[in-house]
Amino acid sequence: MRCPYCGSLDDKVIESRTMANGESIRRRRECVSCGHRFTSYERIEEKPFMVVKQDGRHEPFDVKKIEKGIRRALEKRPMANDAIENLIIELEDAALIYGKDTREIPTTELGQLVLGRLAAMDKVAYIRFASVYKHFENLDEFITEIKNAQETE
């Protein structure tokens, strides 16, 4: 550890103390060169949860993106804000459970999670979300998806 006073790399640990339920360690150090005492902290750096895009790129999981898409699909629909918040929390939990070993989830799986929950809550919101997620090109694709949604009722 570099001394913040003289820049020397030669120091000794005087005291170590576990902090925050064992998630970090506080160390009091003394520079051997100048005698200046300072504190350092150590914590485990976890691998961030990632989303694997269809083209193979990885990007950090952002629950705000899911929330934006869901709120857009549920716009002007009779849905309580608490129900929307609970849905978002459930989806985030489901995504984290799916990728607990690899710390990643493919966008296809994430999209299917959202579609499944929306289909159970609001068919119109399901169709709205599906039209963007599945990249509908024409009216026939809309009609097919609406017929599929009606069959699951």
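If you're wondering where the values come from, they're calculated on a predicted model, not measured in any experiment.

Conventions and cut-offs
- Residues numbered from 1 in each chain as written.
- Predicted model: local features only at pLDDT ≥ 70, side-chain atom pairs only at ≥ 80, totals over all residues.
- Heavy atoms only, no water.
- 1 Å grid on protein atoms, 1.4 Å probe; cavity = no way out; pocket = protein on both sides within 12 Å on 5 of 7 lines; lining within 4 Å.
- Points joined across faces, edges and corners; volume = space filled by probe spheres on them.
- Helix = DSSP H or I, 4+ residues; strand = E, 2+ residues; numbered from the N terminus.
- Nonpolar A, V, L, I, M, F, W, Y, C, P; charged D, E, K, R; others polar.
- Pairing = 2+ DSSP bridges.
- Axes fitted to C-alpha atoms, helices over the stretch in contact; angles between N-to-C directions.
- Contact = heavy atoms within 4.5 Å.
- Expected span 1.5 Å × (residues − 1).
- Buried < 20%, exposed > 50% of the residue type's maximum accessible area, 1.4 Å probe, protein only.
- Polar contact = N/O pair within 3.5 Å; in protein donor to acceptor, adjacent residues only side chain to side chain.
- Salt bridge = Lys/Arg side-chain N within 4 Å of Asp/Glu carboxyl O.

Draft legend 1. Examining the layout of surface pockets more closely. As a volume, the largest pocket reaches approximately 680 Å³. Around the largest pocket, the lining is made up of 23 residues, and of these Lys53, Lys65, Phe129, Val132 and Tyr133 lie nearest the centre. The element that contributes the greatest number of residues to the lining of the largest pocket is helix H1 (residues 63–73), accounting for 6 residues. The class makeup of the residues in the lining of the largest pocket is 10 nonpolar, 6 polar and 7 charged.

Draft legend 2. The arrangement of the sheet that holds strand S6 (residues 104–106) in detail. Spatially, the 3 strands line up as an open sheet ordered S5-S4-S6, and their pairing is mixed. Because the sheet does not close on itself, it has two edges, and the strands there are strand S5 (58–60) and S6. Across this sheet, the average inter-strand angle for adjacent strands is 30°, counted without regard to direction. Where strand S4 (residues 50–52) meets S5, 3 bridges bridge the pair, whose relative direction is antiparallel. Note that in S5 the partner of Met50 across the bridge is Pro60. With respect to the sheet, helix H3 (residues 107–121) is in contact with S4 and S6, its orientation differing from that of S6 by roughly 75°.

Draft legend 3. View of helix H2 (residues 81–98). Taking 1.5 Å of rise per residue, the 18 residues of H2 would be expected to cover 26 Å, and the 26 Å separating its terminal C-alpha atoms lies within 8% of that figure. Each element contacted by the buried residues of H2 is listed here: H1, S6 and H3.

Draft legend 4. Quick look at helix H4 (residues 123–133). All of the buried residues in H4 are Ala125, Tyr126, Ile127, Phe129, Ala130 and Ser131. Looking at where H4 begins, the residue whose side-chain oxygen comes 3.0 Å from the main-chain nitrogen of Val124 is Asp122.

Draft legend 5. Representation of the pattern of salt bridges within the structure. In this structure the tally under the stated criterion is 14 salt bridges. When the shortest N-O distance is used, the salt bridge between Arg27 and Glu42 registers 2.7 Å. Residue Arg27 is found in strand S2 (residues 24–31), and its partner Glu42 is found in strand S3 (residues 37–43); the two are separated by 15 residues along the sequence. On the accessibility criterion, Arg27 (18% relative accessible area) is buried. A relative accessible area of 32% means that Glu42 is categorised as partly exposed. Salt-bridge contacts for Glu85 lead to Arg71; the nearest nitrogen and oxygen are separated by 2.4 Å. Residue Glu85 is found in helix H2, and its partner Arg71 is found in helix H1; the two are separated by 14 residues along the sequence. Residue classification places Glu85 among the partly exposed positions, given a relative accessible area of 32%. For Arg71, a relative accessible area of 28% corresponds to the partly exposed category. Connected through shared salt-bridge partners, Asp11, Arg27, Arg29 and Glu42 make up one network.

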